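Now for the letters of each chain:
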Amino acid sequence: MTCPRIDVDLRKIRENTRTIVDRLNVRGIQVTAVTKATCGHPAIARAMVDGGAEGLAEARLSHVRRLREAGVACPITLIRTPMLSQVDDVVQVCEASYNTEMTVITALAAAALRQKTVHGIILMVEMGDQREGILPRHVVGMAQRVVAMSGVQLKGIGANFACLSGIAPTAAKIQALSDLANEVEGQCGPFLQTVSGGNSANLTMALNGSPTGRINDLRIGEAILLGVDPVTGGQIGGLYRDAFTLVAEVIETDAKSLGPLVGRTDPPLGKIHLVSDTTGTIRLIFAIGHRDTDATGLTMPPDHTFVGATSDHLIIGTKDPTLCVGSEMRFQMNYSALMRAMAAPDTQLTIRNDRPVSDPRDAQDPSTHLALV
Ligand SMILES: *Cc1c(COP(=O)(O)O)cnc(C)c1O
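Residues numbered from 1 in each chain as written. Predicted model: local features only at pLDDT ≥ 70, side-chain atom pairs only at ≥ 80, totals over all residues. Heavy atoms only, no water.

Glancing now at empty space enclosed by the protein. The final tally for this structure, using the stated rule, is two cavities of 30 Å³ or more. As a volume, the largest cavity reaches approximately 70 Å³. Around the largest cavity sit Ile29, Ile174, Asn202, Met205, Ala206, Pro211, Thr212, Ile215 and Leu218, which together line it. Of the residues assigned to the lining of the largest cavity, the class counts are seven nonpolar, two polar and no charged. Empty space within the second largest cavity amounts to approximately 40 Å³. What lines the second largest cavity is Ala59, Arg60, Leu61, Leu78, Arg80, Thr81, Pro82, Met83 and Gln86. (1 Å grid on protein atoms, 1.4 Å probe; cavity = no way out; pocket = protein on both sides within 12 Å on 5 of 7 lines; lining within 4 Å. Points joined across faces, edges and corners; volume = space filled by probe spheres on them. Nonpolar A, V, L, I, M, F, W, Y, C, P; charged D, E, K, R; others polar.)

It is worth spelling out the pattern of salt bridges at this point. The final tally for this structure, using the stated rule, is 13 salt bridges. With a closest N to O distance of 2.7 Å, Arg131 and Glu132 form a salt bridge. Judged by relative accessible area, which is 42%, Arg131 ranks as partly exposed. Note that Asp312 is salt-bridged to Arg291, the shortest N-O span being 3.7 Å. (Salt bridge = Lys/Arg side-chain N within 4 Å of Asp/Glu carboxyl O. Buried < 20%, exposed > 50% of the residue type's maximum accessible area, 1.4 Å probe, protein only.)

Following the sequence through the fold, Ile316 ends up in strand S14 (residues 314-318). Taking the C-alpha atoms as reference points, Ile316 and Thr305, separated by eleven residues in sequence, lie 5.5 Å from one another. Beyond its immediate stretch of four places on either side in the chain, Ile316 contacts Ile282, Arg283, Leu284, Phe286, Met300, His304, Thr305, Val307, Met329 and Phe331. (Helix = DSSP H or I, 4+ residues; strand = E, 2+ residues; numbered from the N terminus. Contact = heavy atoms within 4.5 Å.)

An α-helix turns once every 3.6 residues. As a result, residues three or four positions apart point the same way. Regarding helix H2 (residues 42-50), the residues found buried are Pro42, Ala43, Ile44, Ala45, Ala47 and Met48. Gly52 sits one or two positions beyond H2 and adopts a positive phi of about 110°.

Moving on: the packing of aromatic side chains. Counting across every chain of the model gives one aromatic pair. Between Phe286 and Phe331, the aromatic rings sit 5.7 Å apart at their centres with planes inclined by 80°, giving edge-to-face as the arrangement. Pair noted here: Phe286 is in strand S11 (residues 282-286) and Phe331 is in strand S15 (residues 328-333), with a separation of 45 residues, a long-range link. For the residue pair Phe286 and Phe331, the accessibility class agrees, reading buried in each case. (Phe/Tyr/Trp six-rings, centres within 6.5 Å; stacked < 30°, edge-to-face > 60°.)

In terms of nonpolar packing, the biggest core is built from 103 residues, with Ile13, Leu123, Ile157, Phe244, Phe286, Leu314 and Phe331 touching the most fellow members. The element contributing the most residues to this core is helix H5 (residues 102-114), with eight residues. Residues from two domains meet in this core; each of domain 1 (10-226) and domain 2 (244-352) gives at least three. Apart from the residues lying within four places of it in its own chain, the contact partners of Leu123 are Asn99, Ile105, Ile134, Val139, Met142, Ala143, Val146, Leu154, Gly156, Ile157 and Gly158. (Core = buried A, V, L, I, M, F, W, Y, C linked by side-chain atoms within 4.5 Å. Domains from an automatic or database assignment.)

A separate point is the environment of Leu226. Counting through the fold element by element, Leu226 comes out in helix H9 (residues 222-226). Accessibility expressed as a relative area gives 4% for Leu226, which makes it buried. Separated by 108 residues in sequence, Leu226 and Asn334 have C-alpha atoms that sit 7.4 Å apart. Discounting chain neighbours no more than four positions away, the residues touching Leu226 are Tyr240, Arg241, Phe244, Met333, Asn334, Tyr335 and Leu338.

The following block contains the structure:
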């Protein structure tokens, strides 16, 4: 089979979604599944919907178009505040968008009126992550302006945590967002359909019994795709970590000493990780590099060591003499490695279990097919 490729097990994505949906539903929270790390891959998005996600969220319009062109018809929300230059397309392909700028909302409203439709607005509140968001004290005023505008409908408010800052949400922040939801409703009238409390970083809190206040939606990507809590990097109990596997091929193998690299002060070499005991270590060179993935975000099989990577090569040390030119090796990816690999032009996808069955646990469909990423 071609390399590099990503083996995707859709059954694991469906089951991860189902597990998270079931655990959150009992707390009154729905799941909006985030497809951005997969570049809006339609089969993966469908697996998330089959697993019980209420709708999809994307950061890029190109990914939303890909989903729509493949016939994905469920509600899609744009979670990155729209570019002013794209408002017409946003209104055309997305039911709603997250917004922080009045100029953009006004343009969305005008675009919606031209298209004789109504576009949903969720106001993104800055709660400490310091990426996007309206300062809490400005939210009510903005909500009032949105409510008064035709072409748009105020659907809710949301917040984001742990993306730029890496700081997980706290009970106090969730309370503050809930209070703000009540205040917006008190001042503006309409009931807020959505109070979206955050992303995968919120899961630990939402699942350990902490108060969730008015939060009735979470936007979940990483936890569904990789089964991990992005703040700690630890596995979330009951979720698969291996729905995605990156496969690369060996193009050179030798027993070259790794010695000459030691002690070089050349800055680019400063990043190279050396295997501690190089005796008997074989160097494997793989036809994959920084262009294809985040090589530092790969998990090797046991007894293999990351030596370094360049744009097109990955070098690994091993004492396993059975690996030869043409051998394949399988790697688990972190979020950054997955995101880059899914967008890499030379990587193919092998989709497994591409069919919902009545009981996903019985799914043993071995059918696979190749598709360009
Ligand atoms: C990427 C993103 C998410 C999803 O984050 P995960 O950590 O993958 O769950 C949610 N909300 C916003 C605004 C995002 O940009």
